[in-house]
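Coordinates in review
Listed below, chain by chain, are the residues.
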Amino acid sequence: MERSLILFKPDCVQRRLVGRILSRFEDKGLNVVAMKLMHITPDLAKQHYAEHVQKGWYPTLEQFITGGPVVAAVLEGLEVIRVVREMLGATSGLKAAPGTIRGDYSSSRQMNLVHASDGPEAAAREIALYFKKEEIVDNTPTITPWLRAGDEA
Ligand code: CDP
Ligand code: MG
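Quantities reported herein were computed from a predicted structural model and do not represent experimental measurements.

Scoring rules and cut-offs
Residues numbered from 1 in each chain as written. Chains lettered and ligands numbered in written order. Predicted model: local features only at pLDDT ≥ 70, side-chain atom pairs only at ≥ 80, totals over all residues. Heavy atoms only, no water. Salt bridge = Lys/Arg side-chain N within 4 Å of Asp/Glu carboxyl O. Helix = DSSP H or I, 4+ residues; strand = E, 2+ residues; numbered from the N terminus. Buried < 20%, exposed > 50% of the residue type's maximum accessible area, 1.4 Å probe, protein only. Contact = heavy atoms within 4.5 Å. 1 Å grid on protein atoms, 1.4 Å probe; cavity = no way out; pocket = protein on both sides within 12 Å on 5 of 7 lines; lining within 4 Å. Points joined across faces, edges and corners; volume = space filled by probe spheres on them. Nonpolar A, V, L, I, M, F, W, Y, C, P; charged D, E, K, R; others polar. Core = buried A, V, L, I, M, F, W, Y, C linked by side-chain atoms within 4.5 Å. Pairing = 2+ DSSP bridges. Axes fitted to C-alpha atoms, helices over the stretch in contact; angles between N-to-C directions.

Looking at the pattern of salt bridges
- All chains considered together, the criterion is met by six salt bridges.
- The salt bridge involving Arg24 is made with Asp104; its shortest N-O contact spans 3.3 Å. Remark: Asp104 occurs in helix H6 (residues 101–105) and Arg24 occurs in helix H2 (residues 18–28); sequence separation between them is 80 residues.
- In this structure Arg24 comes out as partly exposed when scored by relative accessible area, which is 22%.
- On the basis of relative accessibility, which here comes to 38%, the residue Asp104 falls in the partly exposed class.
- Put simply, Glu79, Arg82 and Glu86 are held in one network by salt bridges that share partners.

Written out as structure tokens, the structure is:
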């Protein structure tokens, strides 16, 4: 079973879209195994976005991501990393296809509502940045046999 680190970014919290977007992940059959409301510090932002720290637009990204509370979560599911990235759509809300989360709710390249890990290594690194081991909970809903066949897992 795969895990992905999800952030409902400050724009998502401010626009009161967390519930609606979380519902899309729940409706898809993904399991929440950790979740908390928190502030991202500049130091955490630099660790999270290490690959972007040198970019010209990084300072405004840091200002944005530290500018209000976020909801951090770990989602679990089969192929969850790819599945959630596809549900989000392209980085810019202006380019993201209609029907995707960013395509439906964002008209911005920066304020694109949700972060999701882009691969297994990033997921492991990012989950460890936001959650202690004991904050991640075993959560296999009893309805699981009605979400997929037993030989799919
Ligand atoms: O989030 P994703 O992996 O789709 O995009 P990224 O290229 O890894 O960029 C990380 C985040 O930086 C984006 O989600 C945007 O919020 C922000 N960004 C920005 O502020 N300006 C850009 N020109 C590109 C990205
Ligand atoms: Mg990225």
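There is more to say, and it comes next.
Concerning the environment of Leu129
- As for its placement among the helices and strands, Leu129 is situated in helix H7 (residues 120–130).
- Leu129 sits in the partly exposed class, given a relative accessible area of 24%.
- A C-alpha to C-alpha distance of 7.5 Å links Leu129 and His48, two positions 81 residues apart in sequence.
- Ignoring any residue separated from it by four or fewer positions in sequence, one finds Leu129 in contact with Leu44, Gln47 and His48.

What to know about empty space enclosed by the protein
- On inspection of all chains with the given rule, the structure shows one cavity of 30 Å³ or more.
- By volume, the largest cavity is sized at about 50 Å³.
- Forming the boundary of the largest cavity are Met1, Gly29, Asn31, Glu76, Gly77, Thr144, Leu147 and Arg148.
- Classifying every residue of the lining of the largest cavity by side-chain character gives two nonpolar, four polar and two charged.

Let's talk about the layout of surface pockets
- Estimates place the volume of the largest pocket at around 500 Å³.
- The wall of the largest pocket is formed by 22 residues, among which Lys9, Tyr49, His52, Trp57 and Thr91 lie closest to the centre.
- Sorting the residues of the lining of the largest pocket by element identifies helix H4 (58–65), strand E4 (114–116) and H7 as the ones contributing at least two each.
- For the lining of the largest pocket, the residue count by class is six nonpolar, eight polar and eight charged.

Remarks on the nonpolar core
- Ranked by size, the top nonpolar core spans 24 residues in total, and within it Ile6, Phe8, Ile21, Phe25, Val84 and Val114 carry the most contacts.
- Discounting residues that sit within four places of it in the chain, Val84 has contacts with Ile6, Phe25, Leu30, Leu75 and Ala116.
- Within the second largest apolar cluster, 20 residues are counted, among which are Ile40, Tyr58, Phe64 and Ile127.

Some details on the sheet that holds E4
- Across the sheet, four strands lie side by side as E2-E3-E1-E4; this open sheet has antiparallel pairing. Of all the strands in the sheet, just strand E2 (31–38) and E4 have a single pairing partner and so form its edges. Recorded for the sheet is a direction-independent mean angle of 20° between the axes of neighbouring strands.
- Bridge count for strand E1 (residues 2–8) against E4 is three bridges, and the pairing is antiparallel. Looking at E4, one finds that Phe8 is bridged to Val114.
- Strand contacts of H7: E1, E2, strand E3 (70–77) and E4, with the helix running at about 55° to E1, the strand carrying the most contacts.

Remember, this is a structural readout, not a statement about activity or role.
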